[in-house]
Amino acid sequence: SYNVVSVAPYYQLSRDGQPADIKGSSGSAAFVGPVFYTEEGGFKKVTFRDIETRPVHLPESVSDGWFAIVQRFFVSGWDVGTGSRDYYVRKTGQDIFTAGALKSTTEIAPGSAWKTEARLYVGPQIHNQLNEFIPGFDRVADYGWLRVICTPLFILLQGIHSVLGNWGWTILVLTFLVRMAF
């Protein structure tokens, strides 16, 4: 005799707590760690220190969003599709941290089928590739408080490159346009 089976798929990423490099170009260390996004809660960064020292409150019972672990120039992130999920972070070993999403439990009757879909992005933080993965995923590119200036400049840079096809000329033209603006 067969019984009903309960399943709860989960998706997670793990990383050590070491910085990706010593210092960023601005003299400050670039953010490395888990990030979460939901429509209701917005974009949230979680530092490894926060995970170790205090309770981290993340969205629960939400039906949208994604999570990732960011490193200076690269990112790994899950789009876990539709359905209710709870997000979590925890320290899982000596200097090892895990971020994840646990989807709601589903019961599968004998003789029936069930499937779930999720997508994983692992790669460089290239603006148009990030947005192709899932809308809003470009937020992982950490421009800090300069985001308001950097995002339009980056879009302009990509537009110029699509016309010229050469990064050297693209940078020269962008430099010229910025100097004309000032």
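Refer to the structure above for everything that follows.
The present account deals with the structure reproduced in this document. (Residues numbered from 1 in each chain as written. Predicted model: local features only at pLDDT ≥ 70, side-chain atom pairs only at ≥ 80, totals over all residues. Heavy atoms only, no water.)

## Structural notes on the overall build of the chain
Helix and strand content of the chain: 4 helices and 10 strands. Reading the helices (α) and strands (β) of the chain from amino to carboxyl end gives β-β-β-β-α-β-β-β-β-β-β-α-α-α. For the chain, the spread of C-alpha atoms along the three principal axes comes to 75 × 40 × 25 Å. Residues counted as buried form 31% of the 182 residues belonging to the chain. In the chain, the proportion of contacts linking residues at least 24 apart, taken out of those at least 6 apart, comes to 60%. Total accessible area on the chain is roughly 11,500 Å²; 57% of this is exposed by carbon and sulfur atoms. Mean positive and mean negative side-chain charge positions of the chain (16 and 16 charges, respectively) differ by 6 Å. (Helix = DSSP H or I, 4+ residues; strand = E, 2+ residues; numbered from the N terminus. Buried < 20%, exposed > 50% of the residue type's maximum accessible area, 1.4 Å probe, protein only. Contact = heavy atoms within 4.5 Å. Areas by Shrake-Rupley, 256 points an atom, 1.4 Å probe, with all protein chains shown as cover. Lys, Arg positive; Asp, Glu negative; His and termini not counted. Charge placed at Lys NZ, Arg CZ, Asp CG, Glu CD.)

## Description of the side chain of R85
Relative to the assigned elements, R85 resides in strand 7 (residues 85-93). It turns out R85 is buried and unbridged, and the closest side chain with the opposite charge, D79, is 5.7 Å from it. A distance of 3.3 Å separates a polar side-chain atom of R85 from the backbone oxygen of G65. Among the polar contacts listed, one links the side chain of R85 to the backbone oxygen of G81, at a separation of 2.4 Å. Residue contacts for R85: discarding those within four places in its chain leaves E60, S61, V62, S63, D64, G65, V80, A101, L102 and K103. (Salt bridge = Lys/Arg side-chain N within 4 Å of Asp/Glu carboxyl O. Polar contact = N/O pair within 3.5 Å; in protein donor to acceptor, adjacent residues only side chain to side chain.)

## A few points about the nonpolar core
F36, F67, Y87 and V89 are the most contacted members of the largest nonpolar core, which has 18 residues in total. Elements with a minimum of two residues in this core: strand 2 (10-16), helix 1 (48-53), strand 5 (66-70), strand 7 and strand 8 (96-103). By residue number, the principal contributor to this core is strand 8, which donates 3 residues. Leaving out residues up to four positions away in the same chain, F36 has contacts with G42, F43, K44, V46, L58, W66, F67, Y87, Y88, V89, A99 and G100. In this structure, Y37, A68, Y121 and I134 belong to the second largest nonpolar core, which totals 13 residues. (Core = buried A, V, L, I, M, F, W, Y, C linked by side-chain atoms within 4.5 Å.)

## Digging into helix 3 (residues 147-164)
The end-to-end C-alpha distance of helix 3, which contains 18 residues, comes to 25 Å, matching closely the 26 Å that a straight helix rising 1.5 Å per residue would cover. The set of residues buried in helix 3 consists of T151, L157 and I160. Just past helix 3, the residue G165 takes up positive phi, approximately 75 degrees. (Expected span 1.5 Å × (residues − 1).)

## Structural notes on a nonpolar patch on the surface
A contiguous nonpolar surface patch, about 970 Å² in accessible area, is contributed by W145, L146, V148, I149, L153, L156, F176, L177 and M180. Mapped by element, the contributors of at least two residues to the nonpolar patch are helix 3 and helix 4 (167-181). Ranked by residues supplied to the nonpolar patch, first place goes to helix 3 with 4 residues. (Patch = residues over 30% accessible without salt bridge, like charges linked within 9 Å, V, L, I, M, F, W, Y side chains within 5 Å.)

Everything listed here is a matter of geometry and, on its own, says nothing about what the molecule does.
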